[in-house]
Amino acid sequence: MDLSDLPPELLETIAKKLKVQKDYIRFRAVSSAFQTSTPKTPKHLPSQLPWLMLPRRTDQHPDSSIRSFLSISDAKIHLVNLPGDSDHHRRCGSSHGWLVILDETPCISIVNPLTQQTQHLPPLSSFLNVISYAPGDSGREYTIKTLDDDVYTCSSKEMRDSFIKKVIFSSSPSDEDADYYALAILNQTGDLAYCKKGNQRWKFIDDANSYCEDVVYYKDCFYAVSKHGTIAKCDVNGLTTDVSFIETQRQNGGDMQYLVKWKDELLLVTRYTELEFNMDHNKLDIVYKTGEFQVYKLILNGLKWEGVSELDGYALFLGENSSMAFCASDFPGCKKDCVYFTDDYSEWNYDGANGNHDLGVFDLGNGCLEALSCYPEEFYSGRRWPPPIWITPSLH
Amino acid sequence: MTSSKTIVLRSSDGATFEVDEAVALHSLMIKHRIETGGADSTTIDVPEVTGNTLSKVIEYCKKHVEAPNSDDLKSFDTDFVKVDQAVLCHLAKASYYMNIKGLLDLSSKTIADMFKGKTVEQIRETFHIKNDFTPEEEEELRKENSWNLFV
């Protein structure tokens with residue numbers, strides 16, 4: 001008896017037991033019976049283990065739009081065409097398999113590299129604190145007003161590199177049946193702003209200022225964390241935005257905070273960095289290097305963060321991407337109880353900065369930090385900007 | 001449900017098996033046949049399944065109906081699917097036709113696990129499947145997955 005003799009619905013049932021995208025694609029390529037009995041778009045697939053989107057190659061032609069994505073499962077590099085890509089682009093987020101792209105215009109575009117679908121978010125000039133945008137006024141294109149009514153100007157490059165820290169989505173922009181919300185963390189002011197698919201402008205979430213370390217979509221709300229580990233829970237679903245607070249006991253220490261949805265709970269991850277001084281070609285570079293991570297889970301009784309020393313076999317992926325957790329045993333090549341991290345402190349990552357990237361794997365169990373063993377140093381290091389970013393490859 | 005009523009199941013090759021009604025009802029297909037077949041339906045034909053496979057299916061249903069909370073149910077299931085490929089496929093097919101969800105999940109997951117991490121060629125070899133794509137269709141497949149997940 002041949003598997004091809006199985007009824008199509010049974011072949012589909014078997015195919016849907018496959019959780020790794022590559023396995024599903026290969027299943028469909030075995031024979032025509034396998035192909036016709038399974039849907040092309042694998043909507044059943046859970047989020048896939050992230051690829052690392054590498055910087056543009058040092059020997060890459062400026063007009064080439066091919067980008068390299070490193071799969072840590074098998075150390076393979078996948079080449080994907082990202083239409084319109086150039087040296088002048090920066091990513092300020094990766095969420096549900098979509099990249100959020102900024103360039104030297106006010107335009108904010110989002111793209112899924114695997115499906116090549118593109119959409120747009122409201123432009124930079126639509127944030128309420130951006131009073132005007134004058135493309136001709138070189139070096140001072142944007143005029144921005146602060147909370148204290150001070151006014152300052154900003155160049156297109158500065159705007160691209162440091163206005164927005166991170167953008168995440170509530171759900172996949174690929175989903176035609178649902179409207180997603182996008183939430184942006186603004187760097188300088190520490191504000192949160194959001195929009196719904198199709199909106200023309202970004203709206204500020206007034207009470208959530210300073211909850212700007214990281215944000216995650218959890219149980220139908222955006223949860224944003226402050227430097228001290230307190231949380232603002234923002235419900236943007238209704239006609240007005242509803243913000244409530246989880247006043248946890250204050251966390252001290254650490255340089256950056258992340259919030260991750262882990263199984264069905266929230267984790268707080270604190271990143272500790274050290275300053276390094278690199279003297280290279282008589283130029284002094286000050287770079288940050290991560291020393292360790294500490295992980296905490298939320299204890300509702302007493303509202304505190306309790307340290308954990310292992311992640312129940314999960315791995316975390318942190319950086320400029322929306323923070324993610326994966327069960328390591330579901331994906332070959334993924335180490336368990338580890339934090340995979342990349343750079344994301346934008347004030348030190350700007351066009352022209354030098355030095356190697358701060359990326360690697362931190363083992364929570366033994367406290368050891370290692371470089372990412374499969375990272376191809378040869379073509380991708382030296383220029384610090386733009387840093388690599390984790391992205392979960394998604395066909396839907 | 002302490003009925004001691006028994007049902008006879010007849011396979012495609014004429015083999016008959018007498019089982020407790022409660023065990024037989026584990027198959028939703030048989031349950032439907034009994035409920036719609038009238039009072040005389042004590043013998044049910046299962047033409048899609050051979051005697052060998054039906055015997056194993058009954059063994060599965062018996063265990064799951066008579067001892068659903070037993071501690072060794074998980075190891076029973078694990079051992080149950082340690083069979084050769086052909087038997088596994090027959091079990092999957094039978095559980096599909098007889099609408100036995102637990103066995104369908106178990107057998108299809110076991111088959112799926114045999115696909116994990118294999119290349120397309122390795123899958124064809126393992127399961128003895130012929131590549132029936134035309135060269136044009138293969139080219140189309142390659143183009144669709146242009147980031148080269150095929151290797």
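See the structure above.
This write-up is about the structure you can find in this document. (Residues numbered from 1 in each chain as written. Chains lettered and ligands numbered in written order. Predicted model: local features only at pLDDT ≥ 70, side-chain atom pairs only at ≥ 80, totals over all residues. Heavy atoms only, no water.)

1. Overview of the interface of chain A and chain B
For clarity, the cut-off: Should any heavy atoms of two residues lie within 4.5 Å, those residues are counted as being in contact. When two parts are brought into contact, each loses some accessible area as probed by a 1.4 Å sphere; the total of that loss over both is the buried area. Note on definitions: salt bridges are taken to be side-chain nitrogens of Lys or Arg within 4 Å of carboxyl oxygens of Asp or Glu. Only runs of H or I of at least four residues qualify as helices and only runs of E of at least two qualify as strands under DSSP, and these elements are numbered from the N terminus. Under this grouping Gly is polar, as are all residues other than the nonpolar Ala, Val, Leu, Ile, Met, Phe, Trp, Tyr, Cys and Pro and the charged Asp, Glu, Lys and Arg.
In this assembly, 33 residues from chain A lie in contact with 37 residues from chain B. Between chain A and chain B, the buried area comes to about 3000 Å², and carbon and sulfur atoms account for 70% of it. Connecting chain A to chain B are one salt bridge. Linking Lys17 of chain A and Asp105 of chain B is a salt bridge whose minimum nitrogen-to-oxygen distance equals 3.0 Å. Sort the elements by how many residues they give to the side of chain A that touches chain B and helix α2 (residues 21-28) of chain A lands first, with six residues. Among the residues forming the side of chain A that touches chain B, the class breakdown is 17 nonpolar, six polar and 10 charged.

2. Some points on the sheet that holds strand β23 (residues 314-318) of chain A
Pairing between sheet strands relies on hydrogen bonds along the backbone, with the strands arranged either parallel or antiparallel. Residue and element names in this part refer to chain A. This is how it is decided: Being paired, for any two strands, means DSSP has found at least two bridges between them. Lines fitted to C-alpha atoms define the axes, with helix axes restricted to the stretch in contact, and inter-axis angles between N-to-C directions lie between 0 and 180 degrees.
In spatial order, the strands read β24-β23-β25-β26-β27; together these five strands make up an open sheet with mixed pairing. Every other strand in the sheet has two partners, leaving β24 (324-327) and β27 (368-370) as the edge strands with one partner each. Adjacent strand axes in the sheet meet at a mean angle of 20° when their direction is disregarded. Sheet topology note: the strand β26 (residues 360-363)/β27 ladder contains three bridges and is antiparallel. The partner of Phe362 across the bridge, within β27, is Leu369.

3. Notes on the packing of helix α3 (residues 51-66) of chain B against helix α5 (residues 85-97) of chain B
Residues and elements named next belong to chain B. Applicable threshold: The cut-offs work like this: below 35 degrees is roughly parallel, past 145 is roughly antiparallel, 65 to 115 is roughly perpendicular, and the gaps in between are oblique. Should the near helix be turned anticlockwise from the far one by less than a right angle, the crossing is termed left-handed; should it be turned clockwise, right-handed.
One can describe the packing of α3 onto α5 by two numbers: an axis separation of 10 Å at closest approach and a directional angle of 70°. Relative to α5, α3 is oriented roughly perpendicular. As α3 runs across α5, the sense of the crossing is right-handed. Between α3, through Thr53, Lys56 and Val57, and α5, the contact on the second element is made entirely by Val87, His90, Leu91 and Ala94. The residue inventory of the contact of α3 with α5, partitioned by class, reads four nonpolar, two polar and one charged.

4. Remarks on the pairing of strand β5 (residues 98-102) of chain A
All names here are of chain A. What counts is decided by this rule: Type-normalised accessible area, obtained with a 1.4 Å probe on protein chains alone, sets the label of each residue: buried when under 20%, exposed when over 50%, and partly exposed for intermediate values.
Extensive coverage of β5 is indicated by the burial of five of its five residues. Alignment of strand β4 (residues 90-95) against β5, held across four bridges, turns out to be antiparallel. Paired with Ser94 across the bridge in β5 is Leu99. Between β4 and β5, which pair antiparallel in sequence order, lie two residues; one of them, His96, sits at a positive phi of approximately 55°. Inspection of the sheet shows β5 paired to strand β6 (residues 108-111) by four bridges, in the antiparallel sense. The partner of Val100 across the bridge, within β6, is Ile110. Here β5 hands over to β6 after five residues, the two strands then running antiparallel side by side.

5. Examining the packing of α3 of chain B against helix α4 (residues 73-80) of chain B
All names here are of chain B. Orientation of α3 relative to α4, taken along the N-to-C sense of each, is 170°, at an axis distance of 11 Å. In terms of their interaxial angle, α3 and α4 are classed as roughly antiparallel. In this structure, α3 uses Lys56, Glu59, Tyr60, Lys63 and His64 to contact α4, whose residues at the interface are Leu73, Phe76, Asp77 and Phe80. Per-class residue counts for the contact of α3 with α4 are four nonpolar, one polar and four charged.

Note that every value here comes from positions in space, so none of it alone points to a role or purpose.
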